[in-house]
Amino acid sequence: MWKLLISLKKPLVTLLILFATFSNVMAQSSDPVKIAEEYLSQGDVEKARTEFEKLAKSREYIPRIHESYFRLLLAEKEFGAAEKYLKSVLRQMKGNFRYAIDMGVLYRTMGEDDKADKYIDELTDEIMEGSDPNIKMNNVRILAQLLFEKNFRDKAIDAYKKGRSSIKSDDLFALDLASVYRVMNEKENMVTEYLNFSKSNPRNIGFIKNSFQRYLIEPTDMDTLEIVLYDFIQKEAGNPVFNELLVWTHLQQKNFSAALRQARALDRRLANNAQNILEVGMVSFENKDFKTATQAFGFITSDFPESPNIRLAERYSLLAEEEVVKTTYPVDTAAVRKLIEKYKTYQENSRDIYSAMEAQRRIALLQAFQLNEIVQAISTLQNLLENPVGKHRVVAEAKMDLADIYLLDEQPWESILLYGQVERMFKDEPLGYTAKLKSAKLSYFKGEFDLAQSHLDILKLATSREIANDALDLSILIKNNTVFDTTNLVMQEYANIELMIFQNQKQEALVAMDSMLTKHNGHSICDEVLFLKAQTLRELGRFELALEPLQQIGELYDYDILADDALYLSGIILQEDLDREEEAMNIYSNLLTKFQGSIYVAEARNRFRELRGDFNNQ
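The following refers to the structure shown. This is a predicted model, so every value here is computed, not measured. (Residues numbered from 1 in each chain as written. Predicted model: local features only at pLDDT ≥ 70, side-chain atom pairs only at ≥ 80, totals over all residues. Heavy atoms only, no water.)

Looking at the pattern of salt bridges
Turning to step 1, where the next piece is worked out: All told, the structure shown has 48 salt bridges when counted by the stated rule.
Turning to step 2, where the next piece is worked out: Here Arg264 and Asp303 are joined by a salt bridge, their closest N and O atoms 3.4 Å apart. Here Arg264, found in helix H15 (residues 256-270), pairs with Asp303, found in helix H17 (residues 290-303); they are 39 residues apart in sequence, far enough to count as distant.
Turning to step 3, where the next piece is worked out: On the basis of relative accessibility, which here comes to 24%, the residue Arg264 falls in the partly exposed class.
Turning to step 4, where the next piece is worked out: Arg311 serves as the salt-bridge partner of Glu314, at 2.7 Å between the closest nitrogen and oxygen. Of this pair, Glu314 and Arg311 are both found in helix H18 (residues 310-326), 3 residues apart, which corresponds to roughly one turn of the helix. (Salt bridge = Lys/Arg side-chain N within 4 Å of Asp/Glu carboxyl O. Helix = DSSP H or I, 4+ residues; strand = E, 2+ residues; numbered from the N terminus. Buried < 20%, exposed > 50% of the residue type's maximum accessible area, 1.4 Å probe, protein only.)

Printed below as a string of structure tokens:
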């Protein structure tokens with residue numbers, strides 16, 4: 001019985017499915033628009049056109065068939081029929097820009113560009129005749145967007161500008177125009193419109209900065225922004241938003257000195273506790289422009305004593321000054337001692353123990369590495385470590401400093417113990433990785449290259465990019481110079497020289513370098529030796545001699561990894577140490593041309609522009 005019922009149900013289900021399918025097809029075929037579209041998709045143009053012609057007589061179908069029918073007529077070059085159709089549509093759809101613009105499309109397709117332009121101009125002018133600014137503004141925006149979509153981009157721009165003029169608002173449609181110019185790759189006009197927008201919308205300055213960062217990607221784009229900004233500043237002298245954007249622009253260009261000049265003027269005007277100066281100072285410090293950073297923090301401490309950032313500025317002012325002192329060659333011991341006194345004053349005035357300990361750390365480092373007062377430096381750090389403050393960053397850093405100084409004093413076993421303590425104390429943290437890197441460097445100095453490499457392989461995966469990069473650089477140096485030398489003698493000689501320099505035995509290191517270059521002429525390590533020699537000679541204040549090994553790298557190793565480093569350092573020596581600015585400009589220009597992918601391109605470009613006098617009137 002049940003089997004019989006099941007067998008009867010199967011054909012019934014099949015019939016129901018067929019009936020539903022048939023009903024669906026019939027429902028679809030009863031839609032005349034879909035019938036016309038189906039003919040068109042199958043390539044039966046004549047039948048499709050016949051169906052569209054019928055439907056075009058009814059206003060209700062026009063929105064659904066217009067695009068397909070109009071494209072069909074254009075494709076078949078039925079221009080007369082297309083014009084007749086459009087005129088009919090425009091009578092039925094008055095005020096609808098979508099159809100009106102297509103008349104311009106028709107004329108353009110017919111090759112009558114002047115007629116198309118005249119038609120679009122008249123259409124745009126009609127919109128301007130209205131009196132209600134809100135309606136006019138809405139109509140202009142719709143018309144311009146449709147013109148842009150139909151590839152009348154210049155006419156879209158004209159529509160926005162005519163609307164701006166008619167409504168008498170200079171910054172109206174600014175973002176719309178900026179988008180159009182961006183697509184057209186007209187960077188200067190795009191920048192101008194974003195600045196027009198910022199003029200009346202200063203609170204959206206963050207959006208403007210993000211837009212510039214996203215769309216101004218070529219090196220010359222920031223120059224364009226800078227030029228346009230100066231025009232706005234001259235016209236809108238009382239609007240601080242443009243000065244703030246100029247500060248930001250200079251920071252993007254890494255032109256920190258120009259950024260500082262603008263930040264000072266801006267903060268004096270706004271009386272905002274030197275917030276812009278602080279930003280410039282911090283960015284300059286992070287980018288190792290310590291001279292500008294020193295000036296910035298100095299301005300805060302002298303001109304804004306009531307600023308809530310005064311303690312931060314005092315700290316970074318000392319740190320930046322320390323970097324300037326350490327990179328002034330030869331060492332100015334008087335300047336070092338003066339800085340030590342400043343640190344002592346800061347230590348005495350510190351309100352918390354950690355700031356005081358940090359100052360004490362810096363004093364010890366200056367004593368050891370700048371004044372070679374090793375016993376006093378060890379005593380300073382041992383005194384600091386007697387404070388019972390537990391696990392803290394400053395304690396760990398002090399232990400690593402003490403380990404460095406023990407290495408300076410030729411006590412490597414003490415160094416190993418201290419590095420190990422910090423590594424265990426801050427395992428899987430940046431300080432622990434730093435300690436491990438120092439341990440690897442110590443193994444490298446001792447000639448234990450396999451042990452050093454095992455540490456470096458771990459550190460290359462460190463979360464800190466700086467530590468990972470340092471580990472990678474040392475790892476590559478070891479691999480490149482031991483792979484074909486099973487004795488490791490050449491690598492050991494070079495490591496010994498680096499240790500001599502670390503221990504401030506620079507004269508002895510220079511003698512060893514010359515010996516290496518003679519014994520191992522043509523070895524892969526020779527460019528490293530030449531570069532190290534140039535750095536050492538510069539630190540000793542022998543600037544003319546420092547240029548010679550750098551020139552040798554350019555002549556003999558221009559294909560190697562240090563070629564751009566050597567060229568850039570030559571420019572620095574000529575500019576900062578020898579005051580030969582014309583020659584430095586030539587070096588920077590050469591670097592920009594020859595090493596376009598170098599990490600020094602941005603800095604070389606700014607230095608070139610500074611020497612050329614581009615920033616004199618800023």
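Once you've had a look at it, read on.
Digging into unusual backbone geometry
Trans peptide bonds make up most of the peptide bonds, and negative phi angles are found at most residues other than glycine.
Turning to step 1, where the next piece is worked out: For the bond running from Tyr329 to Pro330, omega is -10°, close enough to zero to count as cis.
Turning to step 2, where the next piece is worked out: The topology assignment puts Pro330 in the loop between H18 and helix H19 (333-349).
Turning to step 3, where the next piece is worked out: Residues other than glycine seldom take positive phi values, yet Asn151 does so here, at roughly 70°.
Turning to step 4, where the next piece is worked out: Locating Asn151 in the fold gives a position in the loop between helix H8 (133-149) and helix H9 (153-167).
Turning to step 5, where the next piece is worked out: Even without being a glycine, Asn185 presents a positive backbone phi close to 60°.
Turning to step 6, where the next piece is worked out: With respect to the helices, strands and loops of the structure, Asn185 is situated in the loop between helix H10 (174-183) and helix H11 (187-200).
Turning to step 7, where the next piece is worked out: Given the relative accessible area of 53%, Asn185 is considered exposed.

Some words on the packing of aromatic side chains
Turning to step 1, where the next piece is worked out: Summed over all chains, the structure comprises 19 aromatic pairs.
Turning to step 2, where the next piece is worked out: On the basis of an interplanar angle of 70° and a centroid distance of 6.4 Å, the ring pair of Tyr194 and Phe207 is categorised as edge-to-face. With a gap of 13 residues between them, Tyr194 in helix H11 and Phe207 in helix H12 (residues 205-215) connect regions that are remote in the sequence.
Turning to step 3, where the next piece is worked out: According to the relative accessible area criterion, Phe207 is partly exposed, its value standing at 40%. (Phe/Tyr/Trp six-rings, centres within 6.5 Å; stacked < 30°, edge-to-face > 60°.)

Looking at the nonpolar core
Turning to step 1, where the next piece is worked out: Core analysis: the largest hydrophobic core is formed by 88 residues, its most contacted members being Tyr444, Leu456, Tyr494, Met513 and Tyr588.
Turning to step 2, where the next piece is worked out: For this core, the leading source of residues is helix H22 (residues 393-408), giving 11 residues.
Turning to step 3, where the next piece is worked out: Excluding residues that lie within four positions of it along the chain, Tyr494 makes contacts with Tyr444, Leu477, Met516, Ile525, Glu528, Val529 and Leu532.
Turning to step 4, where the next piece is worked out: Grouped together as the second largest cluster of nonpolar side chains are 70 residues, Ile101, Leu123, Ala144 and Ile205 included. (Core = buried A, V, L, I, M, F, W, Y, C linked by side-chain atoms within 4.5 Å. Contact = heavy atoms within 4.5 Å.)

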